[in-house]
Amino acid sequence: MPSATNLEREVPQVDQFVTLLNDALNHAQSVKPTATIEPPLTKSHFEPFLVQIPTIFPCASPTYESENAVSERGRQYAAVETAARTVFSSLIASISIDSSEFVQVWNLLDFLSVLSDSEQCDPALLFWLVEELLDSQTVDGCRKIFDFLESRRERITAKNMKQKQLVILRSCNDLLRRLSRAEDAAFCGRVFIFMFQSFPLGDRSSVNLRGEYHVENVTTFEETVDASEDAADKMEVDAEAGTPKDDGKDTKPTTKAVSFDAKNKSVSEKPLDTDALYPIFWSLQHFFSQPTTLFDTAQLAKFKSGMEATMVAFEMAEKLQRSTKGGDESKIIPQKRKNPEGEDDLRSSNNNPKYLTSRELFELEIGDLYFRRHILIQAFIILDFLLSLTPQARAKIANITPQNRSVVYGDKNLGDEDAQWARGMKDRITAYIQAESDGYFFFRVVESVISRDKGWVRWKVENCAPIERPPVSPAEFNDAKASARRLATNKRLRPTPMGSLPLDFMKEGNEAAMEKLKDPARWQLPDLSEFKKKIENDDLDLDFARNEKDKLQILEAKASKTWRALRIARRAKLSAFGKIDDWQNIDVIFQDQSDTEETPEAETNNGRRPDDTKPIILSGPRGVGKSTLVSMLLDRQKGVFGKIIRHTTRSPKEGEVDGQDYHFVDPKAFNTILDGDYFLEFNNEDGFDYGTNRRTADAMEEAGKVPIIQLDRQGTQAAKESGYSARFVFISPPNIEDLEARLKKSEDLAEETIQNILNTAQEDIEHSKSDQFYDIVITNDNLEEAYKELEQFIYNSTQGTNGVNGHDAPVEEDVQMNDETNGGENS
Ligand SMILES: Nc1ncnc2c1ncn2[C@@H]1O[C@H](COP(=O)(O)OP(=O)(O)OP(=O)(O)O)[C@@H](O)[C@H]1O
């Protein structure tokens, strides 16, 4: 690059262009009086200056013709660059990025972007200056520069990306090196997103194609035990081994302190004391940062016994924490870590989150759940790496040609015994992580990140093949269209559509036909127990299925029977539906009726169905009378409504019945429902989860009943926010004193609890007054009147007189189901 001062002196156009730039900046300030990044200045704002360029550089004119045009363009680009750098340097030398004057730099960059798009300067010029700007600013300043880049991203990356991509990549990577992943995680994310959005998905520029490992990331730890030393003085942070003594290899600490001789074999059986475990544990970091060292059998043996010892210690730590409730789960991830040598090298100390490796901290660290998880994820990744060396894993990528040999390690194989160990260890880690309180979800996140990463690794093995689908040929398109049409066209109807009974007898003459119609099999619902046997037979057949095709057929048959059984069961065993988590196991509906929600009376079905059958959510303070009103509704409109019972992970209290007071489930079952996003609302109280399963309500609706859900204010809010379609009713006490009296009368509550309930009630009442949150607010003063108001709302006042307790039209059902309804009618 030519030196600015020399060119300035030698090339008069530089001076002229500096003047033009300054004029343009003055003009910019008049058209954009704000001091903010937005709005961007565009070509139209700089038009008067663009037309002046040919007067400085004749070659800039579109009509210019010369055989030296190319070299003249080169000179123009150099002069524009020098002028731009001159103006840019004087601006950033005199104005702080925090000052409002700094808008001039944004304006200059906007002008350069216009110049670049009009091919009046080097396409990369803007990014060269941005690179310098980033270099000259603190991380806070860089955030502002990124605000600018993000707001202009589409515009500045639209043209000539090829010339720009190198400098973008360099600036972003430089910036990332300066940022701490732990402390500036959000900013790092912004930089990555900027890169992802600027470069096409399949761009290989930043791919580590040679499969190099970050060997400088060496973890140091204390080699010898010295009880007399002051722990605070000794506290060490593992350092980037940029120091010459490391030479890229962690010679010093990791190997010396660890002894993996035969005597140490017992580590897998009983826990080591922390002093013995300390060097073994930290030496694992060496394998985590340099997995290829595991190709050496001795090193692999070290890794294996180190992992075994670590797992035993972790399992012990977990057991201890469980037995001493409230064990130290506090995070000890420090906010700021000091550099061991006190060197003023911010870059190296900020690059990666570090571990504190002091002996004194070790016990605390392994007592910390988050720390243990960190280590186990590292181990998980390494085990996956090892398993990628098995013959089975290799077979999966065998047909990829050409392979990127740098990441395949073709000559290295993992033996059967080691592979078995690695699989066993992976399972052990999985079980360990999942056993923690929110471990199930945490592990799912880890699993999905790792599985995505495997996709990228495969892409690397494929030498980063272009990520694009070949266009569909017209012939393929036409074929697909024709077969879609074929599939969508109505086929000829079968003489006996699937599932319907033959009607041939109709030809046999009236009397005989009528007799046949009386056959109970035509109108009676089959007995639920029949399906039990048939489903059991299907299960048996499944066990003996010879191939996938047979299995699928049997599964389909089972699904059909299961569906029919559920349809029959919905009449009497609705509460059991909440206990079904897997369609393949519906045994619960075949169990004795006594353990279901519905009482025999509920089947008498002499209530009236409202026109609006949306679920009803009843909210209100504790003790206001919600349950009383719901009981009245269930009693007076039999068979029409169904109360939704919440799920909980706590155990039943004395007298509580599963399925009546709560559905008592274990955390895994609860999490499965949560994971499926089936909870309408959920909360955690005293360490136990509670939630309302939307599926229970859906099943009830499907069974033709109107679900009634009792929720507190937060639950109601959650249901509303999730867009749940329901009718929202608030039951209000006549006043706080009455509520207090009811609470004191009905429950044996401590004074403090009562006061808390009353405070919440006050807030609930205030909130119920806010516009349109509830569809109706009913004051429960006189119980009978409150009930009437509720019933009127449910049935809608215009229809309230129209024979409450009368009969509604039957629910739309298939013929078989209707048959039973008619048979059971008792009005
Ligand atoms: N209108 C009323 N007048 C007097 N007492 C009433 C009235 N309505 C309900 N009660 C009584 O108030 C007490 C609390 O009623 P209920 O259990 O139905 O309240 P709740 O809102 O369901 O309470 P929670 O939210 O704690 O379950 C009961 O003893 C009930 O008989």
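Residues numbered from 1 in each chain as written. Predicted model: local features only at pLDDT ≥ 70, side-chain atom pairs only at ≥ 80, totals over all residues.

Thoughts on the overall build of the protein chain
Of the regular secondary structure elements, the protein chain holds 34 helices and nine strands. Every one of the 827 residues in the protein chain was classed for burial, and the buried ones make up 27%. Taking contacts inside the protein chain between residues at least 6 apart in sequence as the whole, the part at least 24 apart equals 70%. (Helix = DSSP H or I, 4+ residues; strand = E, 2+ residues; numbered from the N terminus. Buried ≥ 20, exposed ≤ 12 C-beta atoms within 10 Å, placed from the backbone. Contact = placed C-beta atoms within 7 Å.)

Section: the nonpolar core
Ranked by internal contacts, the top residues of the largest apolar core, which has 47 residues, are Ile617, Ile708 and Val729. Residues from two domains meet in this core; each of domain 3 (528-569) and domain 4 (607-640 + 705-827) gives at least three. Apart from residues lying up to four places away in sequence, Val729 is in contact with Ile616, Ile617, Leu618, Ser619, Tyr774, Asp775, Ile776, Ile778, Leu790 and Phe793. In this structure, Leu108, Phe127, Cys142 and Leu149 belong to the second largest nonpolar core, which totals 40 residues. (Core = buried A, V, L, I, M, F, W, Y, C linked by C-beta atoms within 7 Å. Domains from an automatic or database assignment.)

Re the site of the ligand
The ligand sits among 13 residues. The nearest are Gly625, Lys626, Ser627, Thr628 and Ser746. Those elements that place two or more of their residues in the shell around the ligand are α27 (626-636), α31 (736-746) and α33 (783-795). Per-element accounting of the shell around the ligand gives the leading share, three residues, to α27. (Near = placed C-beta within 6 Å.)

So, the environment of Gln76
By the element assignment, Gln76 lies in helix α5 (residues 69-94). In this structure, the C-alpha to C-alpha distance between Gln76 and Ala60, residues 16 residues apart in sequence, is 8.1 Å. Those residues in contact with Gln76 that sit more than four places away from it in its chain are Phe57, Cys59 and Ala60.

As for unusual backbone geometry
Residue Pro39 is reached from Glu38 by a cis peptide bond, and omega for that bond is -10 degrees. Counting through the fold element by element, Pro39 comes out in the loop between α2 (12-31) and α3 (43-50). Even without being glycine, Glu119 reaches a positive phi, approximately 60 degrees. With respect to the helices and strands, Glu119 occurs in the loop between α6 (103-117) and α7 (125-136). According to the C-beta neighbour criterion, Glu119 is partly exposed, with 14 such atoms within 10 Å. We note that Asn160 has phi near 50 degrees; this positive angle belongs to a residue other than glycine. With respect to the helices and strands, Asn160 occurs in the loop between α8 (139-156) and α9 (161-178).

Observations concerning the sheet that holds strand β1 (residues 616-619)
Taken together, the five strands give an open sheet; going across it, the order is β2-β7-β1-β8-β9, and neighbouring strands pair in parallel fashion. Whereas interior strands pair on both sides, the edge strands pair on one side only; in this sheet they are β2 (641-643) and β9 (776-779). On average, each strand axis in the sheet is tilted by 25 degrees relative to the strand beside it, whichever way the strands run. Bridge count for β1 against strand β7 (residues 706-711) is four bridges, and the pairing is parallel. What sits directly across from Ile616, in β7, is Ile708. (Pairing = 2+ DSSP bridges. Axes fitted to C-alpha atoms, helices over the stretch in contact; angles between N-to-C directions.)

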